[in-house]
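# Coordinate analysis (summary)
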Amino acid sequence: MSGLQAFSFAEMWSPLLLAAALLAAAGYLVLIGPAAERLRAAPVPLWRRALFLGGLAMLYLAQGGPVSLLGHIFFSFHMLSMALSYLVAIPLMMLGIPDWAWRILLAFLRPLRGLSFLARPVVSAALFNGLFSLYHLPAVHDYVMLHFAVHRLYYGLLFLAAALMWWNLINPLPERRSLEGPGGIGYIFLNMVLLTPACGLIIFAGSPLYATYSDPQAWARAMGYCVSGSPAALLQQFGGPAYFGWLSPRVDQQVGGIAMKFIQEGIFASMLAYVFYHWYKKENGPDEEEPMAALLPVQGTPVDTR
């Protein structure tokens, strides 16, 4: 991809965010290692550790690695970054956290129980998909991309909303699971439907929607938050996003919308098949060992969090 050699290692890999990811990984290993031993908690299996660390790596690549930089140049990579961050990384990380750690976290968050309504299925689905759709309205998207503090705040809200949305699908605490059978199927369909209008707007638009991917001046201002140099210097060096692209802004926009929808459909279709399989098995067959049990957390030794 021409032009990327113009960026430095720091601009491509964001050392500060890399250090934060490594620190988070170290904290996780301490939690499931020495901390778990002191709490006499159940050991965390290797597959669960791989899920968390893999999800953390996905999140770093999407928000701090090359995918993040490319997401400021190509709208298609921006949508890939969104999909990796909120549809792939978060559920992997949630599945990697043991149930005893979740109980400690919930005990710590008990003063905020007045906000627990945000985790209700319909509310959490509407919250995440609403924030995602609002972000991709052209005026909102360009404003967020051109204001660094607003950008970080909005991405943080999206992260929390996505975690609440996923909680209802992969709730790691057996005693709190409620969406099974028809309820789980309906919840998955609700999420699939709610994201469709935003993707449809992007895919079928007759012209480029976002100034930050088509207007050189707006693009240079947005790029200034992730690479060194003033917007004027970036314009003088590259001239605009067309310097890097092999797709027109409109086609790049369509590819991004299609990619986001396909990734979402693939992930939720897999979840739909899993929920339907276990519902059917529960209703029509004798209890047997679940062949996909590794996909869900296993309850370990309870920890006294009083």
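Structure's up top.
Attention here is on the structure that accompanies the text. (Residues numbered from 1 in each chain as written. Predicted model: local features only at pLDDT ≥ 70, side-chain atom pairs only at ≥ 80, totals over all residues. Heavy atoms only, no water.)

## Brief notes about the packing of aromatic side chains
- Counted under the stated rule, the structure contains 21 aromatic pairs.
- Plain terms: the ring middles of Phe 238 and Phe 244 are 4.9 Å apart, the flat faces sit at 45 degrees to each other, and that makes the pair tilted.
- Accessibility expressed as a relative area gives 2% for Phe 244, which makes it buried.
- Of the aromatic side chains, those joined through ring pairs into one cluster are Tyr 86, Phe 128, Phe 132, Tyr 135, Tyr 154 and Tyr 155. (Phe/Tyr/Trp six-rings, centres within 6.5 Å; stacked < 30°, edge-to-face > 60°. Buried < 20%, exposed > 50% of the residue type's maximum accessible area, 1.4 Å probe, protein only.)

## Let's talk about helix 7 (residues 121–135)
- Here helix 7 contains 15 residues, and its C-alpha end-to-end distance of 21 Å stays within 8% of the 21 Å for a straight helix at 1.5 Å per residue.
- Within the span of helix 7, buried status applies to Ser 124, Ala 125, Phe 128, Asn 129, Leu 131, Phe 132 and Tyr 135. One side of helix 7 carries all its buried residues, which in axial view fall inside an arc of 155 degrees.
- Turning to helix 7, the residues buried within the fold contact helix 5 (75–96), helix 8 (138–145), helix 9 (148–170), helix 10 (182–194) and helix 15 (249–284). (Helix = DSSP H or I, 4+ residues; strand = E, 2+ residues; numbered from the N terminus. Expected span 1.5 Å × (residues − 1). Arc of directions from axis to C-beta. Contact = heavy atoms within 4.5 Å.)

## Description of the packing of helix 3 (residues 46–63) against helix 5
- At a minimum axis separation of 7 Å, helix 3 and helix 5 run at an interaxial angle of 155 degrees. Here helix 5 runs roughly antiparallel to helix 3, going by the angle between their axes. In this structure, helix 3 crosses over helix 5, and the sense of that crossing is left-handed. Here Arg 48, Leu 51, Phe 52, Gly 55, Leu 56, Met 58, Leu 59, Ala 62 and Gln 63 of helix 3 come into contact with helix 5, specifically with Ser 81, Leu 84, Ser 85, Tyr 86, Val 88, Ala 89, Leu 92, Met 93, Leu 95 and Gly 96.
- The residue inventory of the contact of helix 3 with helix 5, partitioned by class, reads 13 nonpolar, five polar and one charged. (Axes fitted to C-alpha atoms, helices over the stretch in contact; angles between N-to-C directions. Parallel < 35°, antiparallel > 145°, perpendicular 65-115°, else oblique. Left-handed = near helix turned anticlockwise from the far one by under 90°. Nonpolar A, V, L, I, M, F, W, Y, C, P; charged D, E, K, R; others polar.)

## With respect to unusual backbone geometry
- Even without glycine at this site, Ser 14 takes up a positive phi of about 45 degrees.
- At Arg 40, a position not held by glycine, the phi torsion is positive, near 55 degrees.
- As for its placement among the helices and strands, Arg 40 is situated in the loop between helix 2 (15–38) and helix 3.

## Structural notes on helix 14 (residues 231–238)
- Looking at helix 14, one finds that the buried residues are Leu 234, Leu 235 and Phe 238. Looking down the long axis of helix 14, one finds its buried residues gathered within 100 degrees of arc, a one-sided arrangement. Seen from the buried face of helix 14, the exposed residues on the opposite side, beyond 90 degrees, are Ala 232 and Gln 236.
- On the buried face of helix 14, the contacting elements are helix 13 (216–223).
- Once helix 14 ends, the next one or two residues include Gly 239, with phi positive near 85 degrees.

## Quick look at the pattern of salt bridges
- As enumerated under the stated definition, the model contains two salt bridges in all.
- Notably, a salt bridge pairs Glu 265 with Lys 261, separated by 3.0 Å at the nearest N-O pair. Of this pair, Glu 265 and Lys 261 both sit in helix 15, four residues apart, roughly one helical turn.
- Given the relative accessible area of 26%, Glu 265 is considered partly exposed.
- Assessed through its relative accessible area of 13%, Lys 261 is described here as buried. (Salt bridge = Lys/Arg side-chain N within 4 Å of Asp/Glu carboxyl O.)

## Observations regarding the side chain of Glu 11
- Its place among the elements puts Glu 11 in helix 1 (residues 9–13).
- Buried within the structure, Glu 11 lacks any salt-bridge partner; its nearest side chain of opposite charge belongs to Arg 152, at an N-O separation of 14 Å.
- Polar contacts involving the side chain of Glu 11 include one to the main-chain amide nitrogen of Ser 8, which spans 2.9 Å.
- Dropping the residues within four chain positions of it, Glu 11 is found in contact with Ala 6, Leu 69, Cys 226, Val 227 and Ser 228. (Lys, Arg positive; Asp, Glu negative; His and termini not counted. Polar contact = N/O pair within 3.5 Å; in protein donor to acceptor, adjacent residues only side chain to side chain.)

## Quick notes on the environment of Gly 65
- Within the secondary structure layout, Gly 65 lies in the loop between helix 3 and helix 4 (66–71).
- Taking the relative accessible area as the measure of exposure, Gly 65 reaches 2% and is therefore buried.
- Each C-alpha atom of the pair Gly 65 and Phe 52 lies 18 Å from the other, and the pair is 13 residues apart in sequence.
- Residues in contact with Gly 65, not counting those within four places in the same chain, are Met 12, Trp 13 and Tyr 60.

## Side note on the environment of Lys 282
- By the secondary structure assignment, Lys 282 is in helix 15.
- When the C-alpha atoms of Lys 282 and Gly 181 are compared, they prove to be 9.0 Å apart, with 101 residues separating the residues in sequence.

## A look at the side chain of Arg 48
- Inspection of the secondary structure assignment puts Arg 48 in helix 3.
- The side chain of Arg 48 sits in the buried core without any salt bridge; Asp 99 is the nearest counter-charge, 5.6 Å away.
- In this structure the side chain of Arg 48 is engaged in a polar contact, spanning 3.1 Å, whose partner is the backbone oxygen of Ile 97.

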